[in-house]
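Architecture at a glance
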Amino acid sequence: MLNDDQTSGGSGAGGGTGAPPAGFPVPAPLIAAVLTPTTAGGAADPDVTSAYFRGVVADGADGLAVAVHTGRGDRLPLPVRAALVGAARALTPTVVTAVWPHDDLDRWGRLAADAGATALLVAPAARDDPGVELRRLDRLSRASGLDLIAFDLYTGPYAPATLAAVLGHPAVTAYKPAHLSDAIACQAGIWSAVAAGVTVLTGEDRMFVPSLLWGARGALVGLAAAATPLTRTAFRAAHEPGAELFAPSRILDEFAAATFRPPYDGYVQRMSWIAADEGRIPVEFAVDPGRPAGLGDAERAPLLALTRRLLDEVEAAGTSPR
């Protein structure tokens, strides 16, 4: 999934003791965890999906993660997920898709690889049992032959012993922390991955730039599913020597605070609203099937106004990839 010069070969400054990594991270890809455009009736359209994926790539994403948490992949049947992988692979050489605890590991591993996935984002099934997780990784690796990414999601993060075992698995080439608001857990996970020689692709939408400063090299984030130039601009600034980082970080933090807020799982619907407002997807396809009950439509107008203002700021600064 990553080029040789992008893989993490270093160790923590404390020789694998959990100390922060030395030096500034070398960039790995910015992978957008994209939506799955659907109507209120659950219908999807291949042309709508491809056009949306194409726009995200054009706006600066180096790769796409389909049928992951942002795309509600845990709700989708395997053939639908495979079709999303194929649509993404037609547009970019870097395509990630998720493996969920309920998945048939052998079948999905083969299907994902055949469809064109280049890596699998693996959500833990037994966060407190290293043996179970290692056996799952063995099966996925045999079935798919793909790189595996350890997914440390805030709703069910790895226990420390399990994470250490997972990071030591030979097929695990990347680690995605997504702790949302737990900076200490995020730091610890990143530093453990770096010490293990595993590339970190941050999933920290609310700690995006800080996680890059803590040792993440790339990103795999739902924040890039819409208003993509905001994430891309901050990502570039964090990796360009001498670049102005304060303004892009402030802008992205303001955007993240408006999209990743209680109810937190409402971010998928919020990103869908934004994608429709940008013209990335038709408004009738901007429906999240997993929308939480506590998310009100009154949020929509102020969120869109804020997003337009922030995009204008980035455009005016001349740093937008568009």
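Residues numbered from 1 in each chain as written. Predicted model: local features only at pLDDT ≥ 70, side-chain atom pairs only at ≥ 80, totals over all residues. Heavy atoms only, no water.

**Some points on the pairing of strand β1 (residues 30–33)**
Convention followed: A simple rule labels every residue: compare its accessible area, found with a 1.4 Å probe on the protein chains alone, to the largest value its type can have, and call it buried under 20%, exposed over 50%, or partly exposed in between. Numbering of helices and strands runs from the N terminus; a helix is a DSSP stretch of H or I covering at least four residues, while a strand is a stretch of E covering at least two. A strand pair is defined by DSSP finding two or more bridges across the two strands. When the strands point away from the viewer, a crossover counts as right-handed if the route from the first strand across the helix to the second turns clockwise.
Side chains Leu-30 and Ala-32 project from β1 onto one buried face, and the interleaved Ile-31 and Ala-33 project onto a second face that is buried too. As paired elements, β1 and strand β8 (residues 218–221) share three bridges and run parallel to each other. If you follow Ile-31 over to β8, its bridge partner there is Leu-220. Pairing analysis gives three bridges linking β1 to strand β2 (residues 63–66), with the strands arranged parallel. In the strand pairing of β2, Ala-33 is matched with Ala-65. Each parallel crossover has a hand, and the one from β1 via helix α1 (residues 46–58) to β2 is right-handed.

**Describing the packing of aromatic side chains**
Put simply, the rule is: The criterion for an aromatic pair is that two Phe, Tyr or Trp rings (for Trp, the six-membered ring) have centres within 6.5 Å, with stacked assigned to planes under 30 degrees apart, edge-to-face to planes over 60 apart and tilted to the rest. In this analysis the charged atom, NZ for Lys or CZ for Arg, is taken to sit over a ring once it is within 6 Å of the ring centre and within 35 degrees of the ring normal.
Per the counting criterion, the structure on display carries two aromatic pairs. Centre to centre, the rings of Tyr-52 and Phe-53 are 5.8 Å apart; their planes meet at 50°, and the pair counts as tilted. Each member of the pair Tyr-52 and Phe-53 is classed as buried. Pairing Phe-260 with Tyr-267 gives two aromatic rings, centres 4.3 Å apart and planes at 20°, and the pair type is stacked. Stacked on the ring of Trp-108, the Lys or Arg Arg-81 has its end atom at 5.0 Å from the ring centre.

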